[in-house]
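So you can see what is in the structure, the chains are spelled out below.
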Amino acid sequence: MKKNNFSIIGVFLICYEILRMIFIFTTKPEFSIELLPVSWYSSVPLCCLPIILVFLMYNLTSPDSKTTCTNLYILCKVLSMGGIYKYLFALKNIDFSLAQFNNYYSVKRSFFLMIFCVIDVILSIVIFFIERKPKSTKETSTLQNTGESEQCK
């Protein structure tokens, strides 16, 4: 069942993260900038962290390790959303004032970035509640019965 779980949810999350990373990397500034700020160069490699965390979330066997990876994944999503919102609010005046000049490129890119933010919010909430839900009573009773029968032997 774990492989089935990873093949559906994990592959979707990894594909989404790769698509998101490619979109962020290919977003060009409004004008030709030869040198981006050092913050861009230092933070771009961190875009790979959610991909690694998704892989670890679905391949680790320890519940504590899975919880840690899940919490780190949610933290990455929240911090990334904050950065994108800050970027969008800083550029909203430029986007609309230069919209006709750059053939509405800036407005289209801002719209797509907003879509990624909305998807990140949904993913964070879903993953938070999926990982927090208690085990079913059948699984718990099976584990308790197995543990008790081993102790009695």
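Since the structure is predicted, the reported quantities are computational estimates derived from the model, not experimental observations. (Residues numbered from 1 in each chain as written. Predicted model: local features only at pLDDT ≥ 70, side-chain atom pairs only at ≥ 80, totals over all residues. Heavy atoms only, no water.)

1. Here we look at a nonpolar patch on the surface
Then step 1. On the surface, M114, V118, I122, V126 and I130 cluster together into a nonpolar patch covering about 390 Å² of accessible area.
Then step 2. Mapped onto the secondary structure, V126 falls in helix α5 (residues 105-132). (Patch = residues over 30% accessible without salt bridge, like charges linked within 9 Å, V, L, I, M, F, W, Y side chains within 5 Å. Areas by Shrake-Rupley, 256 points an atom, 1.4 Å probe, with all protein chains shown as cover. Salt bridge = Lys/Arg side-chain N within 4 Å of Asp/Glu carboxyl O. Helix = DSSP H or I, 4+ residues; strand = E, 2+ residues; numbered from the N terminus.)

2. Considering the nonpolar core
Then step 1. Among the nonpolar cores identified, the biggest contains 22 residues, and L13, V54, M57, Y73 and I127 are the most heavily contacted of them.
Then step 2. Counting only elements with at least two residues in this core, the list comes to α1 (2-26), α3 (49-59), α4 (63-97) and α5.
Then step 3. It is α4 that contributes the most residues to this core, six residues altogether.
Then step 4. Aside from chain neighbours lying at most four places away, what touches M57 is K66, C69, T70, Y73 and I127. (Core = buried A, V, L, I, M, F, W, Y, C linked by side-chain atoms within 4.5 Å. Buried < 20%, exposed > 50% of the residue type's maximum accessible area, 1.4 Å probe, protein only. Contact = heavy atoms within 4.5 Å.)

3. Thoughts on α3
Then step 1. Within α3, the full set of buried residues consists of P50, I51, L53, V54, M57 and Y58. The arc enclosing the buried residues of α3, seen along the axis, measures out at 165 degrees, which places them on a common side. (Arc of directions from axis to C-beta.)

4. Notes on the side chain of R20
Then step 1. Note that R20 resides in helix α1.
Then step 2. Among residues more than four places away in sequence, those in contact with R20 are K77, S80, I84, F116 and D120.

5. Concerning the packing of aromatic side chains
Then step 1. For the structure on display, the rule yields three aromatic pairs.
Then step 2. A centroid spacing of 5.9 Å and a plane angle of 45 degrees characterise the contact between Y16 and F116, whose relative ring orientation is tilted. Residue Y16 is located in helix α1, and its partner F116 is located in helix α5; the two are separated by 100 residues in the primary sequence. The two residues Y16 and F116 agree in class, both being buried. (Phe/Tyr/Trp six-rings, centres within 6.5 Å; stacked < 30°, edge-to-face > 60°.)

6. Details of the environment of T68
Then step 1. In this structure, T68 sits in helix α4.
Then step 2. Linking T68 and L53, residues 15 residues apart in sequence, is a C-alpha distance of 9.4 Å.
Then step 3. Engagement of the side chain of T68 in a polar contact is seen with the backbone oxygen of D64, the distance being 2.9 Å. (Polar contact = N/O pair within 3.5 Å; in protein donor to acceptor, adjacent residues only side chain to side chain.)

7. Some words on the confidence of the model for the protein chain
Then step 1. Averaged over the protein chain, the pLDDT score is 75; the fraction of residues at 70 or greater is 66%.
Then step 2. At the low end of the mean pLDDT range in the protein chain sits helix α6 (residues 137-152), at 51; at the high end sits α3, at 87. (pLDDT = per-residue confidence, 0-100.)

8. Some points on the side chain of E17
Then step 1. Relative to the helices and strands, E17 is located in helix α1.
Then step 2. The residues touching E17, leaving out its near neighbours within four places in the chain, are P50, I51, Y73 and K77.

9. Comments concerning the environment of E131
Then step 1. Turning to its location among the elements, E131 is positioned in helix α5.
Then step 2. By relative accessible area, which is 31% here, E131 ends up partly exposed.
Then step 3. Each C-alpha atom of the pair E131 and T70 lies 7.5 Å from the other, and the pair is 61 residues apart in sequence.

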